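Residue-level listing of the chains:
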Amino acid sequence: MVVKIMSEKFEPNILAFLCNWCSYAGADLAGTSRIQYSPNVKIIRVMCSGRVNPVFILNALQNGIDGVLIGGCHPGECHYETGNYLARRRITILKKLLEYIGIDSRRIKLTWVSASEGQKFADVINEYTAEIKKIGPIKKIVRRNEW
Amino acid sequence: MVDTKKLKNEILKILEKKDVKHVICYTAGSYGFQTRPFFISKKEDIEKIIFSPLCLHNLSLYVNNNDEKKIGVVVKGCDSKSVVQLIQEKQLDRKKIIIIGIPCKGVIDPKKLREKISEPLEQVDVKEIKDKYIITFKDKKHEFNKKDLVFDKCLTCEHPTPIIYDVLIDEKIKPTGKEKYEQVKTFEKQTIDNKWKFWEEQFSKCIRCYACRNVCPICFCEECMAEQLNPQWLYRSVNISENTIWHIMRAFHLAGRCTGCGECERVCPMDIPLMLLNKKLEKEIKELYDYIPGTNPENIPLFAMYKPDDPGGDIK
Amino acid sequence: MKRYTIHKQKINDLIKTLLKKYRVIAPVEKNDIILFKQIERPDEIKLDFTNSKIPPKSIFLPQTETLFKFSTDKDIKLETPKNFEETALFGIRPCDAKSLDILKNVFSDEYEDNLFLSKLKNTLFIGLTCKDPPVNCFCTSVDGSPFGTAGLDILLTDIEDKYFVEIITKKGENLLKIFKDLKPVTKKDIEKKTTIAKNAENKIKRHMQTKNIEKILDQIFENNFWGEIAKRCVGCGICTYLCPTCHCFDIQDEKKGKHGARIRVWDSCMYSEYTKQASGYNPRPSQMNRIRNRIYHKFNYFPKNSQVFGCVGCGRCITECPVNIDIIETINDARQVKK
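Residues numbered from 1 in each chain as written. Chains lettered and ligands numbered in written order. Predicted model: local features only at pLDDT ≥ 70, side-chain atom pairs only at ≥ 80, totals over all residues.

**Some words on the domain arrangement of chain C**
All names here are of chain C.
Move 1: Split into domains, chain C comes out as domain 1 (2–53 + 82–203) and domain 2 (213–258 + 266–334).
Move 2: Placing a centre on the C-alpha atoms of domain 1 and another on those of domain 2 gives a separation of 28 Å.
Move 3: Counting residues at the interface gives 19 residues for domain 1 and 16 residues for domain 2.
Move 4: In terms of residue class, the side of domain 1 that touches domain 2 is made up of nine nonpolar, six polar and four charged. (Domains from an automatic or database assignment. Contact = placed C-beta atoms within 7 Å. Nonpolar A, V, L, I, M, F, W, Y, C, P; charged D, E, K, R; others polar.)

**Description of the sheet that holds strand β1 (residues 14–19) of chain A**
Residues and elements named next belong to chain A.
Move 1: Read from one edge to the other, the open sheet built from four strands follows the order β2-β1-β3-β4, with strand pairing classed as parallel. For this open sheet the edge positions go to β2 (41–46) and β4 (108–112), each flanked by a neighbour on one side alone. Strand-to-strand, the axes of this sheet are offset by a mean angle of 20 degrees, without reference to chain direction.
Move 2: Where β1 and strand β3 (residues 67–72) come together, five bridges link them in parallel fashion. Bridge pairing in β3 places Phe17 opposite Ile70.
Move 3: The sheet contacts of helix α2 (residues 23–32) involve β1, β2 and β3, and relative to β1 the element is tilted by about 115 degrees. (Pairing = 2+ DSSP bridges. Helix = DSSP H or I, 4+ residues; strand = E, 2+ residues; numbered from the N terminus. Axes fitted to C-alpha atoms, helices over the stretch in contact; angles between N-to-C directions.)

**Quick look at the interface of chain C and chain B**
Move 1: With 30 residues of chain C at the interface, the matching set in chain B holds 29 residues.
Move 2: Those elements that place two or more of their residues in the side of chain C that touches chain B are α9 (238–241), β11 (249–256) and β12 (259–266) of chain C.
Move 3: Tallied by class, residues from the side of chain C that touches chain B come to 12 nonpolar, seven polar and 11 charged.

**What to know about the sheet that holds strand β8 (residues 154–159) of chain C**
All names here are of chain C.
Move 1: Judged by pairing direction, the sheet is mixed, and its eight strands sit side by side in the order β3-β2-β6-β7-β8-β9-β1-β10 without closing on themselves. The sheet terminates laterally at β3 (33–38) and β10 (183–184), the two strands that pair on one side only.
Move 2: Where strand β1 (residues 2–7) and strand β9 (residues 162–167) come together, six bridges link them in antiparallel fashion. Counted as the bridge partner of Lys2 is Ile167 from β9.
Move 3: Together, β1, β8 and β9 form the strand contacts of helix α6 (residues 187–203), whose direction differs from that of β8 by roughly 90 degrees.

**Some thoughts on the interface of chain A and chain B**
Move 1: Taken together, the contacts link 31 residues of chain A with 30 residues of chain B.
Move 2: The set of elements that each furnish at least two residues to the side of chain A that touches chain B consists of α3 (54–62), α4 (83–101) and β4 of chain A.
Move 3: A total of 12 residues in the side of chain A that touches chain B trace back to one element, the largest contributor, which is α4 of chain A.
Move 4: In the side of chain A that touches chain B, the residues fall into 16 nonpolar, seven polar and eight charged.

**Observations regarding α6 of chain C**
All names here are of chain C.
Move 1: The end-to-end C-alpha distance of α6, which contains 17 residues, comes to 25 Å, matching closely the 24 Å that a straight helix rising 1.5 Å per residue would cover.
Move 2: Regarding α6, the residues found buried are Asp189, Lys193 and Ala200. Angularly, the buried residues of α6 cover 35 degrees about the axis, an arc narrow enough to put them on a single face. Along α6, exposed side chains directed more than 90 degrees from the buried face belong to Lys187, Lys188, Glu191, Thr195, Lys198, Asn199 and Asn202.
Move 3: Against the buried residues of α6 lie β1, β8 and β9. (Expected span 1.5 Å × (residues − 1). Buried ≥ 20, exposed ≤ 12 C-beta atoms within 10 Å, placed from the backbone. Arc of directions from axis to C-beta.)

**Things to note about unusual backbone geometry**
Move 1: With an omega of 5 degrees, the peptide bond running from Asn230 of chain B to Pro231 of chain B counts as cis.
Move 2: Mapped onto the elements of the fold, Pro231 of chain B is located in the loop between α8 (211–215) and α9 (240–254).
Move 3: With phi around 55 degrees, Lys138 of chain B is a residue other than glycine that occupies positive phi space.
Move 4: One can find Lys138 of chain B in the loop between β7 (132–137) and β8 (140–145).
Move 5: Lys138 of chain B gets classed as exposed once you count the C-beta atoms within 10 Å, which come to 9.
Move 6: Positive phi, normally seen in glycine, also occurs at Asn324 of chain C, with a value near 55 degrees.
Move 7: Along the chain, the position of Asn324 of chain C falls in the loop between α11 (316–320) and α12 (327–334).
Move 8: The buried category is assigned to Asn324 of chain C, around which 20 C-beta atoms lie within 10 Å.

What follows is the structure in structure tokens.
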């Protein structure tokens with residue numbers, strides 16, 4: 001009983017980069033359909049998942065974000081044709097690098113959500129929040145200053 | 001041992017051309033095991049040129065097309081891969097560089113040599129006889145096994161002969177080693193917390209001198225992300241968080257571009273094992289995308305292309 | 001100057017005595033690199049070393065130092081950092097100790113930087129003479145010595161079974177109050193010390209010809225001699241960071257939300273942004289300008305402004321430079337340059 005309360009105390013900070021044409025629209029659909037999803041997520045809209053620079057992700061993790069989600073269009077459906085494919089390469093390599101350094105690579109997640117998948121978006125957010133809750137708050141590379 | 005007479009003759013031939021600014025080669029250093037890059041533009045300086053197993057610099061760092069005139073450069077096997085990578089990334093015009101290739105039998109790591117003999121004031125002479133190095137200075141003679149003194153990269157070298165050149169100084173050499181990523185594989189087996197413990201210790205040593213970035217021929221950004229102030233990604237504070245982000249950032253920017261010359265690890269004053277980091281990405285990229293940097297000047301950069309069936313099928 | 005000896009077996013007792021009163025910082029070896037770090041026990045110290053990788057200036061001018069903290073919660077609150085603990089710096093070499101004297105000049109010129117000066121005031125400097133200077137040492141060429149006393153309160157010399165102890169300053173005499181195991185010197189001790197000191201000086205084989213170097217440099221400022229050296233410089237900053245007298249710094253504001261601090265961090269004159277102005281103009285645009293500036297700073301401007309060389313001859317820049325830019329060679333060659 002006590003353990004459950006303690007784990008419930010940690011509310012993760014999730015940051016989601018959502019591509020304007022697919023996943024952001026999907027998130028919007030979840031909203032208009034009144035589908036509930038974890039309030040832990042803060043959304044940043046980008047035009048394409050391929051715009052997400054790995055440095056953004058590192059900056060987010062450094063500033064205390066516990067999990068970064070990147071939402072793009074399904075492969076083959078990118079509004080700009082190739083953006084999500086490029087994002088796939090970058091995020092795959094970034095995750096391998098973080099794992100090798102000793103940082104849990106589950107803290108970065110790439111997902112495909114289309115504009116009509118409102119329910120899927122909510123499910124992804126809820127599952128991801130639960131996963132990050134289990135992993136725990138980010139500590140290793142959090143910005144720490146002597147001040 | 002490399003025929004330095006032939007090297008000097010080739011350089012003289014190049015200097016005779018009117019449209020050459022200088023040739024980047026090696027000359028003797030000021031003491032002990034030191035050698036240094038040398039920019040020869042006058043024929044009178046020809047006798048200063050050397051080539052020995054102590055010539056460890058990657059001279060492709062100094063090649064650029066800023067001048068109208070051509071530039072000559074002496075490259076070993078690993079250095080030539082950096083030249084190829086720079087051509088691939090449109091940083092160098094192949095027509096404006098004259099490449100003198102030297103098939104390389106290995107380069108001595110001064111750190112390993114200093115563990116065996118303390119560095120003298122007098123310049124040492126190195127002779128290569130079969131699988132041994134004979135190092136003489138003053139009246140002392142030392143003999144060592146080559147494999148005990150060369151850089152780790154030389155033990156697994158797959159390109160001893162330069163893959164791009166206008167003139168080759170010696171006979172081509174067949175590769176004697178194969179990159180099996182042994183150190184990376186051993187490290188991968190550790191638990192995630194042990195991995196962090198290791199890197200936390202290493203990155204805590206970092207003094208953010210940026211020597212690794214400055215000696216890297218592939219780090220050619222005019223304004224490095226580390227120096228950007230608007231927005232500022234990296235604070236100038238030196239602590240484990242900023243240091244780790246710096247190294248992750250740099251390793252990621254080298255992914256698919258680093259040719260494994262090892263200069264970053266050589267120059268690091270705090271002995272951080274940077275090649276252990278860069279080799280990991282080299283291995284992943286080879287396995288995942290069958291992509292090897294620095295081998296084909298016609299290649300498209302790794303992150304500028306994709307295949308529809310790229311790994312990542314587990315992404316939903 | 002008061003002179004004593006202490007038996008080598010008693011050195012651990014000396015350290016333990018110091019640990020009771022001071023925060024003790026001494027040379028520590030980790031993975032083949034020697035650094036000055038705080039110690040808790042005498043066995044952590046490594047006295048059998050040439051010199052530390054990073055000079056002890058890092059204790060008094062830390063790489064990252066908070067000047068003041070601020071928070072904007074309700075009103076703006078400023079907070080100054082805590083005072084520097086009473087410290088005993090054990091095992092510092094005479095060259096590094098001299099460098100702190102030189103830095104004292106810089107930080108008390110027109111403005112007294114108390115953040116730096118108070119650290120020096122609160123520190124007891126116990127030096128260790130060099131018996132075996134490594135290949136790139138040239139302290140004797142820049143008015144220094146392997147057994148010099150500048151900047152030190154106490155100086156120890158290894159005379160085989162004992163240490164020869166010289167109490168140089170009044171602050172050094174404080175040691176006599178807390179440690180009673182110092183023995184009076186014998187004639188033999190003095191002879192041994194003199195011989196060892198002479199031998200150490202003779203072991204220094206590299207000499208920089210510094211006579212009149214200031215005037216010589218005045219005459220060759222525009223010469224392309226500097227351009228030739230700069231061609232291979234990669235601008236990495238290792239020489240400046242590991243130099244005991246280099247002291248360039250940058251001031252940055254770092255913040256997170258409503259809290260932040262103004263910090264001082266090491267900077268290097270070798271970087272391309274050195275002297276780059278907000279307009280984008282840079283009066284030292286090329287590596288040639290920057291290398292020439294560094295040499296002149298040490299051997300021309302500093303002597304002119306403070307009557308000392310801005311270099312103590314520790315040789316770290318020569319040992320660590322990736323492309324063998326050798327300051328001894330540079331200055332000696334500069335003398336041969338046709339004006």
